[in-house]
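# Descriptive analysis of the structure
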Amino acid sequence: MSDNEEEPFMEVHEIVTQKLGHIPVAKGDFKKLPSKVQKWVIHSVNICQPRAIYICDGSKPEADEVTHKLLERGTLTKLTKYEECYLCRTDPSDVARVESKTWITTPEKYDTVPHVREGVKGILGQWMSPHDMKKEIDERFPGCMKGRTMYVIPFSMGPIGSPLSKIGVQLTDSNYVLLCMRIMTRVSPRVFEFMGDHDFVKCLHSVGCPRPVERKVINHWPCNPDNVIIAHFPEERKVKSYGSGYGGNSLLGKKCFALRIASVIARDEGWMAEHMLIMSVTDPNGKETFIAAAFPSACGKTNLAMIQPTLPGYKVQCVGDDIAWMRFNSKGQLRGINPENGFFGVAPGTNFKTNPNAMRSFQKNSIFTNVAETADGGYFWEGLEDEIDKNMSITTWLNQEWRIGKAGTAAHPNARFTCPASQCPIMHPKWEDPEGVPISALIFGGRRPTGVPLVLESFSWEHGVMIGACVKSESTAAAEHKGKKIMHDPMAMRPFMGYNFGKYLDHWLSLKKDGRQMPKIFHVNWFRVDEHGKFLWPGFGENIRVLDWIIQRCQGKDIAVKSPIGYLPKKGSIKMEGLKDPVNWDELFSLPKHYWLDDTHESTRFLEDQVGCDVPEVIMKLLKEQEESFKKM
Ligand code: OXD
Ligand code: MN
């Protein structure tokens, strides 16, 4: 079928004549939707003017029907080497989250962004006024679904019915998005049973390509890259996304809802929505500790969430790899859930050495986007060279013939696997516990080639918040071709903040209350290098040694010494036996005075520039104290 042809209806079960005018309901019973959902669907139908609506139930037959359609159309290709796995190649101009086109709209600007220093461009969120945003929305959404089906997707973030979960409904004209939402969230009409008087988050998504199409559709992937907008309305608990079908731009349960909108809900309701994995470590004595950890993108968060520990007798189990919702219960214990239902992981770099548990998670029922395909019906990406036949003929994500060793890359660097979390062999039996799991430690981390030790523990909750506010990480400034540079990513939330970052720090500080067992806060850095650029720490499965030190600290062991930046491990208190290469402890934990004086200055300046008068006083005070203690060294 050409991309200009109107889609034939699926079997039409019912025509709702009264409220939806002439719009047929291709599947589902409109009357069974709660009335507030009905109202919003009608409103959106009137604006977007789809050809039909399709009310999703999240079932397997539904997924099969949609998959079949996408295979026929050519959007998906079956990867015959596995069970029910599919490859999707997008339009090459729609391949990643578009931060520059991501906005938050609130009547008051400083509810969304902090007061930046005059002349400084703020990097902690982008605000647009309701007036300007209305214009942007009105230019895009009217008629945007013409000739397409609007899928109505009811979903839960978190186990259905858990007091920690929240409900959303996504309306989308992309059936690829429906298939991915089914993996990444819990799609089911059962969510309505738990909605009651509660709000639901309204997620409207369109690829922005009404039929007849005005822009040539490439790879059967309709999109509208020139007009992308991802708009958040936190006060109305609403997201409107237009023009992109990719990842965080279109799977609105993830970054848009579970981080940006949820961080605002969390502030209002007294809990936390964070860019954190959740995992548990059980030591050889059988004692289990749950940890949540925040890392900027490209630091190996998914790898850590699923590590295979190298130390004998330790067991790691995964609760989530990207987002944590955490709330203190009535006993003062912090309980966390993973609001997601699947993993949307970066494929390049993932292999049986770096992350065997992820590899085992996507051998069936998974969707691979912008990876390459091997002649024998398998996936391929950079990092899998040692796991396939070297002479295998490969078709790249751009549909070109390729072989290992040839110039260029096979997969897009942001190629992704989307797979059900339940397929991960080390998923924790309690990963869907409605009460969540008890969190004892929070970890921040970044990719820090110099100066920053392998691990440290904060002096206090407030000091931990300061450490989180100063998170930085090395990333590639690919667009500017300047190579690698260290960028600030406070709390690993820079692209995902839903409100004024200074107020967010206030919120963190306000969580400490009498009677609450505050988790300990740590900072880790697996990426320190020596003068020759060689990593000082082996990383991957060996990181269990650092987690072991952390859990021992949570158990109150006296194995730390005070330093100007926090408690460091006492020499020899991290287990090193069995490491392939000896580790240079002194170098790994050294705190070069000049490096730290510069770094403390730079962080202070960053907060003054970017958060200005919104930075809580205690954070600046702690930075000042850090500077003073280095000066005394
Ligand atoms: C992600 C990200 O995709 O953090 O999870 O960018
Ligand atoms: Mn992430």
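Please refer to the structure higher up on the page.
Since the structure is predicted, the reported quantities are computational estimates derived from the model, not experimental observations.

Coordination of the manganese ion (ligand 2) by the protein comes from K255 (NZ), H275 (NE2) and D322 (OD), over a distance range of 2.2 Å. Ordering the donors of the manganese ion (ligand 2) by residue number gives the pattern K-x19-H-x46-D. With H275 in the loop between strand 13 (272-274) and strand 14 (276-282) and D322 in the loop between strand 16 (315-320) and strand 17 (324-328), the pair connects residues that are 47 residues apart, well separated along the chain. Its relative accessible area of 10% is what places D322 among the buried residues.

Next up on the list: the site of ligand 1. Lining the immediate environment of ligand 1, one finds R97, K255, H275, S297, D322, R416 and F496. S297 places a side-chain nitrogen or oxygen 2.9 Å from an oxygen atom of ligand 1. When the free accessible area of ligand 1 is taken as 210 Å², the share hidden by the protein chains comes to 87%. Residue composition of the shell around ligand 1, grouped by class: 1 nonpolar, 2 polar and 4 charged.

Turning our attention to the nonpolar core. For soluble globular proteins, the rule of thumb is that nonpolar side chains tend to be buried together. Counting 169 residues, the largest nonpolar core has W325, Y379, W381 and W508 as the members making the most contacts within it. Formed by 32 residues, the second largest nonpolar core is a distinct cluster that contains C48, I137, F141 and V169.

On to the sheet that holds strand 19 (residues 342-346). What the 5 strands build is an open sheet, ordered 4-5-20-25-19; its pairing is mixed. Strand pairing shows two members of the sheet lacking a second neighbour, strand 4 (76-78) and strand 19, which therefore form its edges. Each neighbouring strand pair of the sheet contributes to a mean axis angle of 20°, computed without reference to strand direction. The pairing of strand 19 with strand 25 (residues 416-420) spans 5 bridges and is classified as antiparallel. Bridge pairing in strand 25 places G342 opposite P420. Of the strands in this sheet, strand 4, strand 5 (83-88), strand 19, strand 20 (364-369) and strand 25 are in contact with helix 5 (residues 175-184), which crosses strand 20 at around 130°.

Parameters and conventions
Residues numbered from 1 in each chain as written. Chains lettered and ligands numbered in written order. Predicted model: local features only at pLDDT ≥ 70, side-chain atom pairs only at ≥ 80, totals over all residues. Heavy atoms only, no water. Donors = N, O, S within 2.8 Å, 3.2 Å for Na, K, Ca; no water. Helix = DSSP H or I, 4+ residues; strand = E, 2+ residues; numbered from the N terminus. Buried < 20%, exposed > 50% of the residue type's maximum accessible area, 1.4 Å probe, protein only. Near = heavy atom within 4 Å. Polar contact = N/O pair within 3.5 Å; in protein donor to acceptor, adjacent residues only side chain to side chain. Areas by Shrake-Rupley, 256 points an atom, 1.4 Å probe, with all protein chains shown as cover. Nonpolar A, V, L, I, M, F, W, Y, C, P; charged D, E, K, R; others polar. Core = buried A, V, L, I, M, F, W, Y, C linked by side-chain atoms within 4.5 Å. Pairing = 2+ DSSP bridges. Axes fitted to C-alpha atoms, helices over the stretch in contact; angles between N-to-C directions. Contact = heavy atoms within 4.5 Å.

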